[in-house]
Amino acid sequence: MNSVKTNSIDIDIGGTFTDCSVQFNGRRASAKSPTTHYNLSVGFMRALEKAIGQFNLGADTLLPQTDIVRYSTTLAMNKLLERKGSKLSLMTTVGFEDSVLIGKGAQWTDGLSRQEARNLALVAKPEPLIPRERIVGIKERMDHKGNILRPLDENDVHKKLHSLVDQGVRGVVVSLLWGHKNPSHEIRIREIIAEEYPEATLGFLPVVLSHEVMPKKFEYQRTMTAILNAYLRESMIEDLGDIRKELREMGYRHSILIVHNMGGMAELMKTTAVETYNGGPVAGIAGSLEIAKLYGSANVITTDMGGTSYDVGIISDNRTPYSENNPVIDRWMVHTAMIESKSVGAGGGSIAVINQALGGKLEVGPRSAGAMPGPACYNFGGTEPTVTDADVVLGYINPDFFHGGRIQLECSLALKAIQEKIAAPQGWEVEEAAAKIRKLVDGSMGNILFKETVLKGYDPREFIIFSFGGAGPTHCCGYAQASQIRRVVAFPFSPIFCAFSASLLDIRHIHERSQKLIVLKPDIEEPVLDLEQFNQLVKKLIQQAVETAQAEGLQTDKLVFSLELDMKHGRQLHVNRIKSPKLLLQSAKDVHKLLETFFQEYGKAFRREANLTLTFRPPDIYLEGGVSIENFILHTVYPLKNIHFPKFPIHSSKPATSAKKGNRPVYWEEEKGFVNTPIYCYPDLKCGNIIDGPAVIEADDTTFVLPPKWIFKIDEYMNNLIERED
């Protein structure tokens, strides 16, 4: 892998490990370190120092010469799961105080698995982030066009503000009815709060305005987006601020970029907390889109198996699909752009248990041992059997070479945990119990791949798998076979793939605005779209994007814009998001092209094959309902100098004798027991080397497990192709 001359540091902080990838003077180094949840900057600096040490340099020497630091994380997700956010209050329009508590009808099941949603006896609405006693109604009112129906009662604001402060709130969210159409009342409330509790005082209250976080219609989603942003903001400022301070003290003087939910990056201090919610998995998916181009693969399933979770993303027709128009964060529907991904509790640290309530059923996850204490074999005090413990017992992981020998594992502790907690209660042999743990977790992950493709209308056999994460190469053949996919690509940088992927991304922002414009009136064939109004709105979004870029110190002449539109037929509830053929529309011909694009997307979504009980006419079936634009979404990209992948000459089809480390007993289900299996040293393999399974290939930070009837090959990009023979 060759690199451009940009010196960069890419970090991904996960639930178990903090991954670091450093590019310096055309060379690359990587490292992992356990995530230190008590202070994220500690684990961050440990991983960074390990990577920098491979250049025989100190951090204070390399950081002043570093051009860019990129950062991806699921910190916001973890903080929300732990409910460790700020004590907030909500100011809304009087009469609408209960809106977020009532929620949408689907709020009962939003964020739940199908199994959880079906258990009606236990299904309940989520515990609100802001309880009713800290939600107040303010006397004011706008109409749907932004006209003031009732002026803001400032005395009422003062009165309600004092009552909230008496309750000890540490932040205020302001979300007024139709505030995105006319934000004057939201802005004035913030001014009043600043006058009462200015920044110079101990009583200073941060204020989040809904129209600034998400200027779109639908009050519930807009309000919940603002609440989540405020809830996560303070803790993220503390954690990320410590990291920023450490870098500054060591001489780094440029921007710190953080990966966003929509697959781009932005300056850390110009980012809202809610935009980073799924940054780690998204970095892997967006980076995979770039790598997929090397293989001419339009359809890819990305799989990230780490210590805590298993994240899946779909790339179809060379696109990373965004989540549905109203994605769910935790248990709440929001209004923010997110690349669609699926995350479940299945990782190396996932704990295996016998569920006696279900008749002694074996279950793996979602509970995880994390990094501290970790799996039993870590010898850090953990006593619960995990997937990693099973891999050690079955011979896949070498206890003396875990993380290149930097972490010594105790096989006896893994045997003890599985024997006491799984094997003995069921009357199984310990190796049999370990094999069942591995088979169950592989089958569960494969089942997720099958559902994520088949239930969305895809044929999984038309996809290839990109496998990454520290545990990905160890389990990829198992979950690929369970999902009927025969081709896998794993990477030499699989253990730090999400950190590495950040180096493939550009700076990207999305600016959105709700505005309904009629394109076609019912039963009238000629478009009636107001081109001037359309273009004025797009120009306003472009101006916002330019101002954002200027605030980040970017050259505005390098910005690349593209426009998406949410469109629908009249009287229908759901929109279809399309890419506008042009940024600005100049003629009736442009409008006809826009309509043609909408009809094509509508046809894909509601084609005849989708439901054979319906008889659809061509995609433009509902002209009698008309067509309207509901939302404008402007994408702004600032291209960065990213790495590229050169091709290497292919040397040989067989690995050199020196690459073989020896043999050891490894359990293979196909063989119904342990088989003396060849073990290879990954760093000693060359481009073009081919290995037939069964085999185990040991790298510094992961292990490639190759069952019988699978073939491993290092391709011309020095990536690893793993294919099933039949």
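Reading guide: rules and limits
Residues numbered from 1 in each chain as written. Predicted model: local features only at pLDDT ≥ 70, side-chain atom pairs only at ≥ 80, totals over all residues. Heavy atoms only, no water. Disulfide = S-S within 2.5 Å. Buried < 20%, exposed > 50% of the residue type's maximum accessible area, 1.4 Å probe, protein only. Helix = DSSP H or I, 4+ residues; strand = E, 2+ residues; numbered from the N terminus. Polar contact = N/O pair within 3.5 Å; in protein donor to acceptor, adjacent residues only side chain to side chain. Contact = heavy atoms within 4.5 Å. Phe/Tyr/Trp six-rings, centres within 6.5 Å; stacked < 30°, edge-to-face > 60°. Lys NZ or Arg CZ within 6 Å of the ring centre and 35° of its normal. Expected span 1.5 Å × (residues − 1). Pairing = 2+ DSSP bridges. Axes fitted to C-alpha atoms, helices over the stretch in contact; angles between N-to-C directions.

Caption draft 1: Structural context of the state of the cysteines. Under the definition given, this model contains 0 disulfides. Not part of a disulfide, cysteine 411 finds its nearest cysteine sulfur in cysteine 377, a span of 8.3 Å. The exposure class of cysteine 411 is partly exposed, given its relative accessible area of 27%. Free of any disulfide, cysteine 477 has its nearest neighbouring cysteine sulfur in cysteine 476, separated by 4.3 Å. Judged by relative accessible area, cysteine 477 falls into the buried class, the value being 3%.

Caption draft 2: How the structure looks around the side chain of asparagine 689. Examined against the element boundaries, asparagine 689 turns out to sit in the loop between strand E27 (673–681) and strand E28 (690–692). For asparagine 689, a relative accessible area of 2% puts it in the buried group. In terms of polar contacts, asparagine 689 uses its side chain to reach the backbone amide nitrogen of lysine 686, at 2.7 Å. Setting aside its immediate chain neighbours within four residues, asparagine 689 contacts Ser652, Ser653, Lys654, Pro655, Ala656, Phe712, Lys713 and Ile714.

Caption draft 3: Quick look at the environment of threonine 388. For threonine 388, the location among the structural elements is in helix H11 (residues 387–393). By relative accessible area, which is 8% here, threonine 388 ends up buried. C-alpha separation for the pair threonine 388 and glycine 43, spaced 345 residues apart in sequence, amounts to 21 Å. Excluding anything up to four places from it in sequence, threonine 388 contacts Gly348, Gly349, Pro375, Cys377 and Ile397.

Caption draft 4: Highlighting the packing of aromatic side chains. As enumerated under the stated definition, the model contains 21 aromatic pairs in all. A centroid spacing of 5.6 Å and a plane angle of 70° characterise the contact between phenylalanine 704 and phenylalanine 712, whose relative ring orientation is edge-to-face. For the pair phenylalanine 704 and phenylalanine 712, one class covers both residues: buried. Pairwise contacts between aromatic rings join Tyr295, Phe466, Phe468, Phe491, Phe493, Phe497, Phe500 and Tyr717 into one cluster. The ring of tyrosine 396 is capped by arginine 438, whose NZ or CZ atom sits 4.1 Å from the centre of that ring.

Caption draft 5: Local environment of helix H1 (residues 40–53). Given a rise of 1.5 Å per residue, 14 residues ought to cover 20 Å, and the 20 Å separating the end C-alpha atoms of H1 matches this to within 8%. All buried positions along H1 are accounted for by Leu40, Ser41, Gly43, Phe44, Met45, Ala47, Leu48, Ala51 and Ile52.

Caption draft 6: Seen up close, unusual backbone geometry. Here glycine 365 and proline 366 are connected by a cis peptide whose omega angle stands at 0°. Tracing the backbone through its elements, the reader meets proline 366 in strand E19 (residues 361–368). Backbone torsion omega between glycine 693 and proline 694 reads 5°, so that peptide bond is classified as cis. Non-glycine residue tryptophan 178 carries a positive phi angle of around 60°. On the secondary structure map, tryptophan 178 appears in the loop between strand E9 (172–175) and helix H7 (184–196).

Caption draft 7: Local environment of the sheet that holds E9. Strand order in the open sheet formed by 4 strands is E6-E5-E9-E10, and the pairing between neighbours is parallel. At either end of the open sheet lies a strand with only one pairing partner, and these are strand E6 (135–138) and strand E10 (207–209). The average undirected angle you get between the axes of adjacent strands in this sheet is 20°. Here E9 pairs with E10 via 3 bridges, running parallel. The partner of valine 173 across the bridge, within E10, is valine 208.

In short, the description is geometric, and any link to function would need to be established separately.
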